[in-house]
Amino acid sequence: MNPGDGNLMDKIVSLAKRRGFVFPGSEIYGGLANSWDYGPLGVELKNNIKAAWWSHFVHRREDMVGLDSAVIMSPKVWQASGHTGTGFADPLVECKNCHERFRADQIDLSAPCPNCGMSHTFTEPRSFNILMKTFLGAVEGEKAEAYLRGETAQGIFIDFKSIVDVARKPLPFGVAQIGKAFRNEITPGNFIFRTREFEQMEIEYFIPVPVRDEDWAEPFDYWRREIVSWLDGIGIAREKIHEDDIPDGERAHYSKRTIDFEFDYPFGRKELCGLAYRTDFDLKNHFKDAPYKDPQTAEAFWPHVIEPSLGVDRTMLALLVASYAEDGDRAMLKLKPRVAPFKAAVFPLLSNKPHLVEKARSVYDALRRRHMVAWDDRGNIGKRYYAQDEIGTPFCITVDFDTLGEGDAANKDTVTVRDRDNATQTRLPIKELASFIERSLEADTE
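Since the model is a prediction, treat every value here as computed from it, not as a measurement. (Residues numbered from 1 in each chain as written. Predicted model: local features only at pLDDT ≥ 70, side-chain atom pairs only at ≥ 80, totals over all residues. Heavy atoms only, no water.)

Draft legend 1. Fine view of the packing of aromatic side chains. According to the stated counting rule, one finds 22 aromatic pairs in the structure shown. The interplanar angle of 55 degrees and the centroid separation of 5.7 Å between the aromatic rings of Tyr364 and Trp375 together place this pair among those described as tilted. One end of the pair, Tyr364, is in helix H9 (residues 354-367); the other, Trp375, is in strand E21 (residues 373-375), with eleven residues separating them in the sequence. An identical accessibility class is assigned to Tyr364 and Trp375; each is buried. Taken together through their ring pairs, the aromatic side chains of Trp53, Trp54, Phe57, Tyr205, Tyr222, Trp223 and Trp230 make up a single cluster. Taking the ring centre of Trp302 as reference, the NZ or CZ of Lys284 above it sits at 5.4 Å. (Phe/Tyr/Trp six-rings, centres within 6.5 Å; stacked < 30°, edge-to-face > 60°. Helix = DSSP H or I, 4+ residues; strand = E, 2+ residues; numbered from the N terminus. Buried < 20%, exposed > 50% of the residue type's maximum accessible area, 1.4 Å probe, protein only. Lys NZ or Arg CZ within 6 Å of the ring centre and 35° of its normal.)

What follows is the structure in structure tokens.
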């Protein structure tokens, strides 16, 4: 479908709730604006995205290690990084008539208020820091102010010296982390695209001090290609990604160069992920003494860093948009097997025939020891196919009378395997099902 289709977002939000991908947060208490819970299928899709990212960028590389740092760190971390100053603030305006708040850089201040339609009612823009505050301590009067982390990167920077000491990786090398971050956004919205609580997949890739621009430009371009390649590998095609080189004056305070990778969401072309050259800004602010010593020359210095940063939630939304398709009255998610919540679904042809159900159960039990597979014996077979298509299950496996040798004897101990994308059906021996699924996953990662 065309991402510009005005109904597409409504269809995806409806599917996400109906099928258990995403639920409104705190719904039984009236909900909490821009708060979302990931249901049984949503958590599987998220976990598969993260697993694919970790496999590609950590497990398959010898120049990468992982980290899981704390969500709450010393407030001095955020002071040193510049996040408590104006560098991590948005320009806030408020409509004097309806008191709705907006980011001044995202609306036309000379136009009527987008909420109430009144003209010339905006206050003067003022700086609004988007770090989320919290308080530590058991006694009310003694509680100390702290912050929920606004990005996962700072945990990597403050642990850099410890990582160097234990990992013993020569430059260049990277540190990867997946975790929650929090920002008190002025105008969150568009489903799971912009929320105050979100999950990041970030790498800080440390390089020697560049002598020439090309010394950092070359690895920067390498990571630019890696981001696009990885997105393509999970099902967000290269042609759907648009690169925006952020000009001087608009980049984050720590960045010498930033590229935003944008995707055509139903609500417009918006940032999906980013790549930044942070120089040695962070390490110099956190370490008075140079934290890295060259193993050959014994020279101590502050490495520079290139940062590929992706949002799990935005990646999931982009995948839902990119994979959504309709064929007549059939809606489907054409998710790649590696990220699909279920790799296959197993059905008995008829649910009121105990011997069919028993055989189908044995097939299901054998497969689920190795793969995430679904069981469904509700309604007619056509409705079951359509239900699995809608949640992105690549293959449906049906146990029928031929499987039991009660029909075509030549097909005994075989099953019907239906392909989601083209609805074609083939017979496969039961003993080959696990390897068939394995091959589909392996082809998916090449």
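The discussion continues.
Draft legend 2. Just unusual backbone geometry, in detail. Geometrically, the link from Leu171 to Pro172 is a cis peptide bond, its omega value of 0 degrees lying close to zero. Within the secondary structure, Pro172 sits in the loop between helix H5 (160-167) and strand E10 (173-182). Even without being glycine, Asn34 reaches a positive phi, approximately 60 degrees. With respect to the helices and strands, the residue Asn34 is situated in the loop between strand E1 (22-24) and strand E2 (36-38). Even without glycine at this site, Ala298 takes up a positive phi of about 65 degrees. Secondary-structure assignment places Ala298 in the loop between strand E15 (292-293) and strand E16 (300-301).

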